[in-house]
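Take a look at the letters that make up each chain.
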Amino acid sequence: MKKFIEGSRATAEIIKLCKPGVISAYPITPQTHIVEELAQMVANGDLDSQFINVESEHSAASVVLGGSATGVRTYTATSSQGLLLMVEVLFNIAGMRLPIVLTCANRAVSAPINIWNDHQDSVTVRDSGWIQLYAENNQEACDLHLQAYKLAENHKVMLPVMVCVDGYILTHAGEIVDIPDQKSIDRFLPKYDPLYKLDVLNPITMGIVGGPDSYMETRFAIHNTMEKTLNEIIPEVSNDFAKIFGRAGNTLIEEYKTDDADTVIVALGSVVGTIKDVADELRKKGKRVGVLKIITHRPFPKNQIYNALRKVKNVGILEKCISLGLSGPLFAEITSLFAAKDDTPKISGFVIGLGGRDVTKQNIEYIFEKLEKGGNNDTEFVGLDENVVKNNKELIINV
Amino acid sequence: MSDIKLFNPGHTACAGCGQSLAARLVLEAAGKNTIVANNTGCLEVFSTYYPQTAWGTPWIHSLFENCAAVASGIEAALIYLKKTDTNIIAQGGDGGTADIGLQALSGMFERGHNILYVCYDNEAYMNTGVQRSGLTPFGTNTTTSPVGLQAHGNKRPKKNIVEIAASHRIPYSASASVGYPQELQKKVQKALSIKGPKYIQIHVPCPLGWRSNPSQTIEIAKLAVETGLYPIIEYEYGDLVNSKKLLKPKPVTEYLKLQKRFKHLFAENAKQEMEEIQKIADDNIKRYKLI
Amino acid sequence: MIVNIFSKPGSSQKNKTGSWRMGKRPKFLQQNCIACKICLFSCPEGIIEGKEKNSYHCNYDYCKGCGICASICPKKDIVMIEENK
């Protein structure tokens, strides 16, 4: 059913329809509306779930770890500082192969403290073994959460999934979202059937000490699983999704007008919407531009991205995060795809929108123009306040 | 020995390890209808080196500080699955409980989960090599509170987690000692018969970290109690309801002299520290009405 | 693919810690035993078994030779002896 609804509340509705048995909640802006909405649903008896108010995000992740290990579908949400606080638990969950779904309402990380949107939080944990999906709009956010459970719980996967939704831009924005009915969702997402669990009738020891003689195989197993997931399971789930709900599922990447494009900008998340608008306007003026949206960041769709970009002349990687001291992480990942390859576009890196600084159409126009003129060599900050940084003094204190 | 026990031999605990004895006693008292969440520490490490495990019940280890939170998640799942008759035990050492794990412990108490938390108190971070924890007694020689030309060991008294637990007004908070194994088991059974959060802190000598004779583990545990240094107390809903009475408290020297971690206290220049330790014992006797 | 992350209950039994003993083992004299069970309750390995008086014994496959049983027996009916005696 289509309705005009705030992003967070739409996420909560979808999660409710997925019927998690254990939800853990610790508040952090801008995730709060999601857990508040879920709490209200439980309080009204609309959602049969154990809602646990924990005392920190580390415990939020630990509670869903325990719940999932006991064979129950679980959910939690966080952002920024909260995500970073639970990092060791995230690695633990992936290592223990538990199919937990978590929403990361993307927010910048401290210091300085900043509650507005960028991607530094979720991108920082890209090595953790979690599958990471990025939504462009709230419809996609809902659809990705649905697919996340089916993907995570597949016995050939059994990996946790993080759905990344831009804080404020998506979480607090009202959009028209088609929320499917319970019956369709039940057809798509069956009851959770755990591959293993804590059960007195069939005891196992979980969370073992893996010494040098056994640890390495567990990491290989996750990596191997991620590759299979990328090429087999995600497309499978995506097709099932399309069949039941009549719209595209997670297609790993989205190629928007890239077929005959000379210049393409690559990005994750909601900023893609802005880039598409600018691309449309430039197309009207005869420019051959396109946009490559990456939906699945982990596992990384190497072949798909390579094939989408290899015939393009100029590629701009636009990121709302940076691996300080190197470049944007996506820039490093994508340039590596073309190492020692013959058909290599000119690849440029752009860092934008950190700490929630607005990404304007003018910024995007500037980037398309820059790319046409040959791009840059590495990491260019777009939208920086030059007055603040121009002096190049050691310590700048603005009174 | 082919039938599988609740806690099986073949684990790699040191000979004479008080904690391995206590863990076995706890699990046998709890029975097979029990799920265990364990923090990182000696017990977890010596019992689960892949592919071997000493555990016969469902058992999970996550991280160092979160077993109380993991157990909270297990309980929530069991409630959701309508399987609420299973015992849930969350357990860890003194470091994992009183220091890094205090937040998760407090959260579990405050939310009222039906979980028994067991703290195996060997009075230091033993698994990492005998470093000082919040439950290391005053005057103890550990690697991070060493005896030196300008120091006599640990400068601070033990944090009182039994009272911290009791101040959450949970149904049951108690101390126990591996020196009194049958009493310990009775306490575990009593706790598991109560609904809500429970806390039992068990004093367990560590022959390696305490530098004591492995054969004297039980004797030393008993002496800690008999001197008043480790009072055996029970709190219910925040009130002190019981304490193990001492007929004639022994002087602390009887206990300290059996452990090389306290050897320095017998020197001339440590008279003041020795007196302070006797005072701690005397204060305990008064506070908990042990005589 | 999922490997090396769970273990089966009781699999530690494969590890015969009896090999740890350093020359001494407990001998259960089975003469003055009163079946108080204190030895059974005090063994860290949990390998002492017995029912009525003078029936208590241990499994030497796992006995680490800590000596707690000998030290704790109120009737001195358990003694530490040289291995191979």
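Each chain carries its own residue numbering, running from 1 in the direction its sequence is written. In the order they appear in the text, chains get letters beginning with A and ligands get numbers beginning with 1. Given that the model is predicted, a residue must reach a pLDDT of at least 70 before its local features are reported, and side-chain atom pairs must reach 80 or more before they are shown or counted; all residues, however, enter totals for whole chains, interfaces and linings.

Draft legend 1. Looking closely at the interface of chain A and chain C. Whether two residues are in contact is decided by their C-beta atoms, placed from the backbone, lying within 7 Å. Taken together, the 16 residues of chain A in the interface contact nine residues of chain C. For the side of chain A that touches chain C, the elements supplying multiple residues, two or more each, are strand S9 (205–206) and helix H9 (215–245) of chain A. Among the elements that take part in the side of chain A that touches chain C, H9 of chain A stands out by supplying five residues, more than any other. Broken down by class, the residue content of the side of chain A that touches chain C amounts to eight nonpolar, six polar and two charged. Numbering of helices and strands starts at the N terminus; helices are DSSP runs of H or I of at least 4 residues and strands are runs of E of at least 2. Side-chain classes are defined by residue name, with Ala, Val, Leu, Ile, Met, Phe, Trp, Tyr, Cys and Pro counting as nonpolar, Asp, Glu, Lys and Arg as charged, and the others, Gly among them, as polar.

Draft legend 2. Seen up close, the domain arrangement of chain A. Residue and element names in this part refer to chain A. Where each domain begins and ends follows an automated or database-derived domain assignment. As assigned here, chain A comprises domain 1 (2–245) and domain 2 (253–389). Centre-to-centre separation of domain 1 and domain 2, based on C-alpha positions: 27 Å. The interface is formed by 27 residues belonging to domain 1 together with 21 residues belonging to domain 2. Of all the secondary-structure elements, those providing two or more residues to the side of domain 1 that touches domain 2 are helix H6 (120–124), strand S6 (131–134), strand S7 (161–166) and H9. When residues in the side of domain 1 that touches domain 2 are grouped by element, the largest group, five residues, is from H9. Looking at side-chain class alone, the side of domain 1 that touches domain 2 contains 14 nonpolar, eight polar and five charged residues.

Draft legend 3. Region of the structure containing the interface of chain A and chain B. Taken together, the contact pairs 35 residues of chain A with 37 residues of chain B. Mapped by element, the contributors of at least two residues to the side of chain A that touches chain B are strand S3 (50–53), helix H3 (57–69), helix H5 (87–95) and S9 of chain A. Considering each element in turn, the side of chain A that touches chain B owes the most residues, nine residues, to H3 of chain A. Residue composition of the side of chain A that touches chain B, grouped by class: 16 nonpolar, 16 polar and three charged.

Draft legend 4. Here's a closer look at the packing of helix H1 (residues 18–30) of chain B against helix H7 (residues 181–192) of chain B. Residue and element names in this part refer to chain B. Every axis in this analysis is a line fitted to C-alpha atoms, fitted for helices over the stretch in contact. Angles between the N-to-C directions lie between 0 and 180 degrees. Between H1 and H7, the shortest axis-to-axis distance is 9 Å and the interhelical angle comes to 45 degrees. On the basis of the axis angle, H1 is oblique to H7. The element H1 and its partner H7 pack so that their crossing is right-handed. Residue-level inspection shows Ala 22, Leu 25, Val 26, Glu 28, Ala 29 and Ala 30 of H1 in contact with H7, the latter providing Pro 181, Leu 184, Gln 185, Val 188, Gln 189 and Leu 192. Residue classes in the contact of H1 with H7 are distributed as nine nonpolar, two polar and one charged. Roughly parallel refers to an angle under 35 degrees, roughly antiparallel to one over 145, roughly perpendicular to one between 65 and 115, and oblique to any angle outside these ranges. Note: crossing handedness is left-handed where the near helix turns anticlockwise from the far helix by less than a right angle, and right-handed where it turns clockwise.

Draft legend 5. Region of interest: the nonpolar core. Membership of the largest hydrophobic core comes to 232 residues, with the highest contact counts inside it found for Val 163 and Val 266 of chain A. By residue number, the principal contributor to this core is helix H3 (residues 67–80) of chain B, which donates 10 residues. If you count residues domain by domain, this core takes at least three from each of domain 1 (2–245) and domain 2 (253–389) of chain A. Sequence-distant contacts of Val 163 of chain A, that is, excluding residues within four places in its chain, are made with Val 101, Thr 103, Leu 133, Ala 135, Ala 141, Leu 144, His 145 and Ala 148 of chain A. Here a nonpolar core is just a set of buried residues of the types Ala, Val, Leu, Ile, Met, Phe, Trp, Tyr and Cys, joined wherever their C-beta atoms sit within 7 Å. Residue burial is a threshold on neighbouring C-beta atoms within 10 Å of the residue's own C-beta, all placed from the backbone, with 20 or more meaning buried, 12 or fewer meaning exposed, and counts in between meaning partly exposed.

Draft legend 6. Spotlight on the sheet that holds strand S1 (residues 34–38) of chain B. The 10 strands lie next to each other as S10(B)-S9(B)-S7(B)-S8(B)-S4(B)-S3(B)-S1(B)-S2(B)-S9(A)-S1(C), forming an open sheet whose pairing is mixed. Looking at which strands have only one partner, the edges of the open sheet turn out to be strand S10 (239–243) of chain B together with strand S1 (6–7) of chain C. In this analysis, strands are considered paired if DSSP registers two or more bridges between them.

Draft legend 7. A look at unusual backbone geometry. The linkage connecting Ser 110 of chain A with the following residue, Ala 111 of chain A, adopts the cis geometry, with an omega of 0 degrees. The topology assignment puts Ala 111 of chain A in the loop between strand S5 (101–106) and H6. Geometrically, the link from Tyr 50 of chain B to Pro 51 of chain B is a cis peptide bond, its omega value of 5 degrees lying close to zero. Even without a glycine there, the phi angle at Leu 252 of chain A is positive, about 70 degrees. Unlike most non-glycine residues, Asn 4 of chain C shows phi in positive territory, near 55 degrees. Relative to the helices and strands, Asn 4 of chain C resides in the segment before S1.

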